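Residue-level structural notes
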Amino acid sequence: MTRWHRAAEDRSRDGVIDSALTDPRTRVLAIAGDRVPVADGRVAWSSPDRWTRMAARHVTDWAFLGRDDEGVPVVLAVLDSDAQPPWPGEASVATQPLRVASPDLPAVEADVAVTAVSLARWLSEAPFCPACGARTETRDAGWSRRCPSCGREHFPRTDPAVIVAVTHRHDPDRLLLGSNAAWADGRYSCFAGFVEAGESLENTVRREVREEAGVEVDEVRYQASQAWPYPRSLMVGFTAQAVDAGAARPDGEEILSVRWFGRDEIGEGLAGRGDLLLPGPASIAHRLISGWYAGGAS
């Protein structure tokens, strides 16, 4: 697969999933919790009959993910979270958490996998109407739910979060990173947090950096975004400048250490050398850090 189209216009077509499941060309991606089937660094697609006949008892929901570059349907099979996909005779297929699998997948397959995990978790975790508690009915080929009791429609949630690389106002070769209390010694990353009700993305950046690192920032600039289904986030990446670099202090609860790192230290960390542990290449944090490093590398 070199390209993938969501083909959202097909979701409302009657029988789109049934039609796809009778097409032997259809690519089925079976997801259990956040686990993705992989083999030799690629997504391990299944044929429809493997799940409609051989393992139907494991499938709790179906959803239409789109079409590949040749127009072949791509379908999600949602498995109960404890299931281990039974691929008889395919010993090379393993299931891996998305966090582990995505760095090694081709970009288009990683994109499909993130979408599949996001949708699968919503289908598995939100079967009841939050307004009246009735069990909802799946619509739009897995992309919406309707409550038969109160008539409300529900859609997959996306919770925005910001992540920010903080630069030094007077020294472009320094970057401020923090170490979370849950991480191993030596691991540092950008500062991040969820957007609160009524809050803009830019104000979230200022609040989170102030709370976690004790620093006021300005020059808040958008860089990129990344869907990340843990649990259902859209990570929105920024850079910002510290107004007073000397004010940097950890909050002592979530963040135990903050440090200004020089460009040489960051370069060593990105190369996997030295004591500094940086985020993996699948993360937007890595993209922010490596983008800053590349912008000033000689």
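Our subject is the structure that appears above.
Report on the accompanying structure.

Conventions used here
Residues numbered from 1 in each chain as written. Predicted model: local features only at pLDDT ≥ 70, side-chain atom pairs only at ≥ 80, totals over all residues. Heavy atoms only, no water. Salt bridge = Lys/Arg side-chain N within 4 Å of Asp/Glu carboxyl O. Helix = DSSP H or I, 4+ residues; strand = E, 2+ residues; numbered from the N terminus. Buried < 20%, exposed > 50% of the residue type's maximum accessible area, 1.4 Å probe, protein only. Pairing = 2+ DSSP bridges. Arc of directions from axis to C-beta. Expected span 1.5 Å × (residues − 1). Contact = heavy atoms within 4.5 Å.

**A closer look at the pattern of salt bridges**
With the rule as written, the count across this model stands at 20 salt bridges. When the shortest N-O distance is used, the salt bridge between D68 and R27 registers 3.1 Å. Highlighted residues: D68 in strand 5 (residues 59-68) and R27 in strand 2 (residues 27-32), separated in sequence by 41 residues. Under the relative-accessibility criterion, D68 is labelled buried at 3%. One salt bridge connects R221 with E219, and the closest N-O pair in it is separated by 3.1 Å. The class for R221 is exposed, based on a relative accessible area of 51%. Its relative accessible area of 39% is what places E219 among the partly exposed residues. One continuous salt-bridge network, built from bridges that share partners, spans R121, E125, R157, D159 and R232.

**Notes on the sheet that holds strand 8 (residues 137-139)**
In spatial order, the strands read 8-9-10; together these 3 strands make up an open sheet with antiparallel pairing. The outermost strands of the open sheet, each flanked by one partner alone, are strand 8 and strand 10 (153-154). Judged from the 3 bridges that link them, strand 8 and strand 9 (residues 144-146) form a sheet pairing that is antiparallel. What sits directly across from R139, in strand 9, is S144.

**Re the pairing of strand 13 (residues 191-194)**
Burial along strand 13 is one-sided: the residues F191 and G193 are buried and none of A192 and F194 is. Pairing geometry for strand 11 (residues 159-168) and strand 13, over 4 bridges, is antiparallel. Paired with A161 across the bridge in strand 13 is F194.

**Structural notes on unusual backbone geometry**
That bond from Y230 to P231 is cis: its omega, -5°, falls within 30 degrees of zero. Residue position: P231 is located in the loop between strand 14 (217-228) and strand 15 (233-242). Positive phi, close to 50°, is recorded for D140, a residue that is not glycine. Its place among the elements puts D140 in the loop between strand 8 and strand 9. Under the relative-accessibility criterion, D140 is labelled partly exposed at 31%. Despite not being glycine, A141 has its phi angle at roughly 55°, a positive value.

**Some points on helix 6 (residues 263-270)**
Regarding helix 6, the residues found buried are R263, I266, G267 and G269. Along the axis of helix 6, the buried positions cluster into a sector of 160°, meaning they face one direction only. A positive backbone phi angle near 80° is found at G272, which sits one or two residues after helix 6.

**Comments concerning helix 5 (residues 201-213)**
In this model helix 5 runs 18 Å from its N-terminal to its C-terminal C-alpha over 13 residues, within 8% of the 18 Å that 1.5 Å per residue would give. For helix 5, the set of buried residues is T204, V205, R207, E208, V209, E212 and A213. Of the surrounding elements, those touching the buried residues of helix 5 are strand 11, strand 12 (174-180), strand 13, strand 14, strand 15 and strand 16 (255-262). One or two positions beyond helix 5, positive phi appears at G214, with a value near 70°.

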